[in-house]
Amino acid sequence: MTPDEVLAGLDPEQLQVASNPIGPMCVLAGAGTGKTRAITHRIAYGVHAGAYQPQRVLAVTFTARAAGEMRTRLRGLGLPVVQARTFHAAALKQLGFFWPKVIGGAPPEIMGHKAPAIGEAGARLRLELDRVAIRDIASEIEWAKVGMLTPESYPTQAARAGRRVADLDHTAMSRLWATYEEVKAARHVIDFEDVLLLMAGFLVERDDVARTVREQYRHFVVDEYQDVNQVQQTLLDLWLGDRSDVCVVGDPAQTIYSFTGASPRHLREFAGKHKDATTVRLVRNYRSTPQVLELANAVLGAAPGGGYARLQAQREAGAPVRLLQYSDDVAEAAGIAEQVKGLLSQGVPAREIAVLYRINAQSEPIEQALSEAGINYLVRGGERFFRRQEVRQAVLLLRGAARSDDGSAPLGALVRDVITGAGWSPQRPAGGALLDRWQSLEALATVADDLVAAQPEARLPDVVRELERRMAEQHAPAVEGVTLASLHAAKGLEWDAVVLAGCSDGLLPLSHAEGPEAIEEERRLTYVGLTRARKNLLLTWAAARQPGGKASRSVSRFLNAADGILDGVAPRRPAGQRGKKVQQARAVRCRGCGKDLYTAAERKIGRCADCPPTYDEQTFEALRGWRKAVADRQRVPAFVVFTDATLIAIAERGPVDERGLAGISGVGARKLAAYGPAVLGVLRGESVDSMVEIACAATESV
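Residues numbered from 1 in each chain as written. Predicted model: local features only at pLDDT ≥ 70, side-chain atom pairs only at ≥ 80, totals over all residues. Heavy atoms only, no water.

## Regarding the packing of helix 6 (residues 115–124) against helix 9 (residues 170–187)
The interhelical angle for the contact between helix 6 and helix 9, taken along N-to-C directions, is 120°, at an axis separation of 8 Å. Crossing of helix 6 over helix 9 shows right-handed handedness. Together, P116, A117, I118, E120, A121, G122 and R124 of helix 6 and L176, T179, Y180, E182, V183 and R187 of helix 9 make up the contact between the two elements. Residues belonging to the contact of helix 6 with helix 9 are distributed by class as follows: seven nonpolar, two polar and four charged. (Axes fitted to C-alpha atoms, helices over the stretch in contact; angles between N-to-C directions. Helix = DSSP H or I, 4+ residues; strand = E, 2+ residues; numbered from the N terminus. Left-handed = near helix turned anticlockwise from the far one by under 90°. Contact = heavy atoms within 4.5 Å. Nonpolar A, V, L, I, M, F, W, Y, C, P; charged D, E, K, R; others polar.)

## Some words on the domain arrangement of the chain
In many analyses, interface size is given as the accessible surface area lost on bringing the parts together. For the chain, the assigned domains read domain 1 (3–94 + 199–281), domain 2 (112–190), domain 3 (312–382 + 482–568), domain 4 (385–473) and domain 5 (615–700). Distance between the C-alpha centres of domain 1 and domain 5: 55 Å. (Domains from an automatic or database assignment.)

## Focus: the pairing of strand 1 (residues 25–29)
Judged by how many residues are buried, strand 1 sits mostly within the fold: five of five residues are covered. Here strand 1 shows a buried face lined by M25, V27 and A29 and a second buried face lined by C26 and L28. Sheet topology note: the strand 1/strand 8 (residues 278–282) ladder contains five bridges and is parallel. Bridge assignment links V27 to a residue of strand 8, and that residue is V280. (Buried < 20%, exposed > 50% of the residue type's maximum accessible area, 1.4 Å probe, protein only. Pairing = 2+ DSSP bridges.)

## Re the side chain of N297
Secondary-structure assignment places N297 in helix 15 (residues 290–301). A relative accessible area of 6% places N297 in the buried class. A distance of 3.1 Å separates a polar atom in the side chain of N297 from the backbone oxygen of L311. Apart from the residues lying within four places of it in its own chain, the contact partners of N297 are A309, R310 and L311. (Polar contact = N/O pair within 3.5 Å; in protein donor to acceptor, adjacent residues only side chain to side chain.)

## Let's talk about the sheet that holds strand 15 (residues 495–500)
Strand-to-strand pairing in sheets goes through backbone hydrogen bonds, with the strands running parallel or antiparallel. Strand order in this open sheet of six strands is 11-16-15-12-14-13, and the pairing throughout is parallel. The sheet is open, and its two borders are formed by strand 11 (322–328) and strand 13 (377–379), each paired with just one other strand. Averaged over all pairs of adjacent strands, the angle between their axes in this sheet comes to 25°, without regard to strand direction. Across six bridges, strand 11 lies against strand 16 (residues 533–544) in parallel orientation. What sits directly across from L324, in strand 16, is T540. Of the strands in this sheet, strand 12 (353–357), strand 13 and strand 14 (482–486) touch helix 17 (residues 363–372), which is tilted by about 160° from strand 13.

## Things to note about the side chain of E520
Inspection of the secondary structure assignment puts E520 in helix 22 (residues 516–530). A residue is classified by how much of its surface remains accessible, and E520, at 17% relative accessible area, is buried. Residue contacts for E520: discarding those within four places in its chain leaves A303 and P304.

## Describing the pattern of salt bridges
Two side chains of opposite charge can pair, provided their charged atoms sit close to one another. Enumeration according to the criterion identifies 45 salt bridges in this entry. Notably, a salt bridge pairs R124 with E120, separated by 3.1 Å at the nearest N-O pair. Highlighted residues: R124 and E120, both in helix 6, separated by four residues, approximately one helical turn. Across the pair K145 and D194 runs a salt bridge whose closest N-O atoms are separated by 2.7 Å. Taken together, the residues K145 in helix 7 (residues 131–146) and D194 in helix 10 (residues 192–205) connect sequence positions 49 residues apart. Given a relative accessible area of 3%, K145 falls into the buried group. Residue D194 is classed as buried on the basis of its relative accessible area of 9%. Look at the salt bridges and you will find they share partners, linking K145, E181, K184, D191 and D194 into a network. (Salt bridge = Lys/Arg side-chain N within 4 Å of Asp/Glu carboxyl O.)

Structure representation (structure tokens):
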């Protein structure tokens, strides 16, 4: 392939990206604007024009699927040896190579899940952690580690960021995290975040390691740069050294992972960091119809402060975007099933239809409605395709059968005959787990069908090689069925038809979104959902949660900007709310200065951090003394009895009975039974020592 052939067919902005392969470049690429095409052609042009050596290029993505897609495109451009990996995959390969030299011996095993180690750490601290708490703690540890914090620096930074998890104060969370690290060390394992941190440490501490890596990779491309976190940015800087041959690609309008520690700051500051950087904006959208983009632009354009680029439609006009209202969630799910059935009857393939929602809990009634309507579906975001038991078994059977393929049977029929041993059958199951397994196996057979269509001489060994390549690249075959996915899981994907369910306040934006920044991230998440659609986009919402329930919901505030866009009809409010403002999430205000409270700790106490405490100092000190004495007697950390935030709330509200005490967040039924009488006694001014005895006696009986 010649350099001119690589550049053929690119639009002017894509051409600017591809034809300038040397030096720093920032590509601001809107949804559907062909960013992957632009950057893969940049790499291909650089190699074919002699500016790059293919083995010296590293393209970094954020998902294994995206890395696999990039490798496929690069291979089609004549570049089978260019590395395209996730940050973790690239760092893990380097860590495995350098560990014997830097540390000695084999590298430690990587934990598949944090939950067992967190559970053991909690047990060591006498903490009762349920599954939800352990999940939230795991997420908090990930947030802290990608921000390059330590257990010692965590409390200050977490307080500054308004973090709160599992009813633990910042000191308690710090101790739990430190104990989790002790558990890992005893087990001789590391977690996924350690891979990045350890490799960054190798590069900082060992000049020979840094020299080797920088000699190996001279040119870098980083996709989805708006989602880079601090440790990833640090690793990228260490890979680069004092060079600047890096191209970053991102879209500020698709920043939806700040809760994981990702920050668009690196994208915004790139041009200032690299003074000679070229900035290119891709705004020509080749994915969606003008109708879809009109709504997406309107929703994003209503953001306070603006600053987002408007996408320019390149497709022909399509169907209008519709907004449908239903009485309740069950009716909404049934309506979605009817709409999907209509799309299928119009010839839209099931794999080209997606139903998207804000939280996974919304999928249950939709799954039930689709099942009752006889519509096949798959839920995205579960187990990876090639890790499924039936897929692993089928690939093993195909490997064994490949040696005895004599070419006498048609390839597709032969593959299906072999994978019968893994559960495939000519008869498609009606639904449930059997259908899920059958669809996975049929997807493998479809790979063989596609291969023989492209290479009529292909046989079973060729199928095995193709599957092994896809396994290495995490390039899963398409499974036939309507896709159900959360908005986060849908990032980077697209379909001909999209149904965006639950377009009501409380879901979009989510009621838990606290503060203006969180609300605007919800807006961007809505924008991501809208721009997944190519041709057909349907929005639905329900006025009530349960059948017969009160119609208390309102259409999402993000659609207020859609007047006249949604099939010519403005968003409507539930009956009885006409003329009222869109229902907002319930505001909690500081009882001192009256400003809105956003963090969980402030809401629990009822006071912002800037206002002075309103509790009686002597009472609070008595409560603290009582808590310390009880904790010492029970040999547990003080926060196990009550966290600081809960203790402050008790002192400030001064409940006079158990009912009032139970109304304070952090005082559950178990703690009320164990400590309630003693706490109320301390508040009445009774002897702290006596109340310690009462608490310890009550704890033993609970």
